[in-house]
Amino acid sequence: MTRKNNHDELLALIIDGIENVKGENITIMDLRHIDSRSADYYIICDGNSNTQVNAIAGSIQRTVSKQTSDKPWHVEGTELSNWVLMDYVNVVVHIFQKETREFYNLEDLWGDALITNIKTDQTIN
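The following refers to the structure shown.

Topic: the packing of aromatic side chains
Counting across every chain of the model gives four aromatic pairs. Between Tyr-42 and Trp-110 the ring centres are 5.7 Å apart and the planes differ by 80°, which places this aromatic pair in the edge-to-face class. In this pair, Tyr-42 is assigned in strand S2 (residues 41-47) and Trp-110 in the loop between helix H4 (106-109) and strand S6 (114-118), connecting sequence segments 68 residues apart. Here Tyr-42 matches Trp-110 in class, with each residue buried. Aromatic side chains Trp-83 and Tyr-104 sit 4.7 Å apart centroid to centroid with 50° between the ring planes, which places their arrangement in the tilted category. Remark: Tyr-104 occurs in helix H3 (residues 98-104) and Trp-83 occurs in strand S4 (residues 83-87); sequence separation between them is 21 residues. With a relative accessible area of 27%, Trp-83 lands in the partly exposed category. Taken together through their ring pairs, the aromatic side chains of Trp-83, Phe-96, Phe-103 and Tyr-104 make up a single cluster.

What follows is the structure in structure tokens.
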């Protein structure tokens, strides 16, 4: 499997994990053309409570590991669950509560990224 296909599969699995617990406002940020990037992709979504944010993180981890046996290299933020970060090395997932997402506004911070908004019932092909 090529590197692009690995990204595509991982992105699709992460989105499935988000959708499984009704995560909202899913955005994919393609950072590959930015020199100072920390990853190739960011996936950003939000939940309505700390319980839902943690549920989204758990669902992503289960969905990805079930299909690929991959686990995130690092996870942080599960204690307060305002913002959980899941680092899959080339793909970093940011799961926010709505207010926290609005405050940090990663989409504007990484304004040069190619941004794709995913409808809640849509998957990547």
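Re the pattern of salt bridges
Under the criterion given, the structure shown has six salt bridges. Here Arg-32 makes a salt bridge to Asp-30, at a shortest N to O gap of 2.6 Å. Residue class for Arg-32 comes out partly exposed when judged on its relative accessible area of 38%. For the salt bridge of Asp-46 with Lys-98, the shortest nitrogen-to-oxygen distance reads 2.9 Å. With a gap of 52 residues between them, Asp-46 in strand S2 and Lys-98 in helix H3 connect regions that are remote in the sequence. Taking relative accessible area as the criterion, Asp-46 reaches 3% and is therefore assigned buried. One salt-bridge network, in which partners are shared between bridges, spans Glu-24, Asp-46, Lys-98, Arg-101 and Glu-107.

A word on the sheet that holds strand S3 (residues 74-76)
Read across the open sheet, the six strands follow the order S3-S4-S5-S2-S1-S6; overall the sheet is mixed. Of all the strands in the sheet, just S3 and S6 have a single pairing partner and so form its edges. Direction aside, the axes of adjacent strands within the sheet are offset by 15° on average. Bridge count between S2 and strand S5 (residues 91-97): seven bridges; the pairing is parallel. Bridge pairing in S5 places Tyr-42 opposite Val-92. Set on the sheet, helix H2 (residues 50-68) makes contact with S2, S4 and S5; between it and S5 the angle comes to about 160°.

Focus: the environment of Val-91
For Val-91, the position within the fold is in strand S5. Note on Val-91: relative accessible area 0%, which makes it buried. Separated by 63 residues in the primary sequence, Val-91 and Ile-28 have C-alpha atoms spaced 9.8 Å apart.

Procedures and definitions
Residue indices follow the written sequence of each chain, beginning from 1 at its first position. The predicted nature of this model means local features are confined to residues of pLDDT at least 70 and side-chain atom pairs, given and counted, to a pLDDT of 80 or more, with totals for whole chains, interfaces and linings taken over all residues. As a convention, hydrogens and water are excluded, and side-chain values are obtained from all of the structure's heavy atoms. Only Phe, Tyr and Trp rings are paired, with Trp represented by its six-membered ring, and only when their centres lie within 6.5 Å; those with planes under 30 degrees apart are stacked, over 60 edge-to-face, the remainder tilted. To qualify as a helix, a DSSP run of H or I must reach at least 4 residues; to qualify as a strand, a run of E must reach at least 2; elements of each kind are numbered from the N terminus. Any residue under 20% of the maximum accessible area for its type is buried, any over 50% is exposed, and the rest in between are partly exposed; the area is computed with a 1.4 Å probe on protein chains only. Salt bridge, as used here, is a side-chain nitrogen of Lys or Arg placed within 4 Å of a carboxyl oxygen of Asp or Glu. Strand pairing requires that DSSP identify at least two bridges connecting the strands. Convention adopted: a line fitted to C-alpha atoms gives each axis, helices being fitted over their contacting stretch, and angles between N-to-C directions are expressed from 0 to 180 degrees. The contact criterion used throughout is that any non-hydrogen atoms of two residues lie within 4.5 Å.

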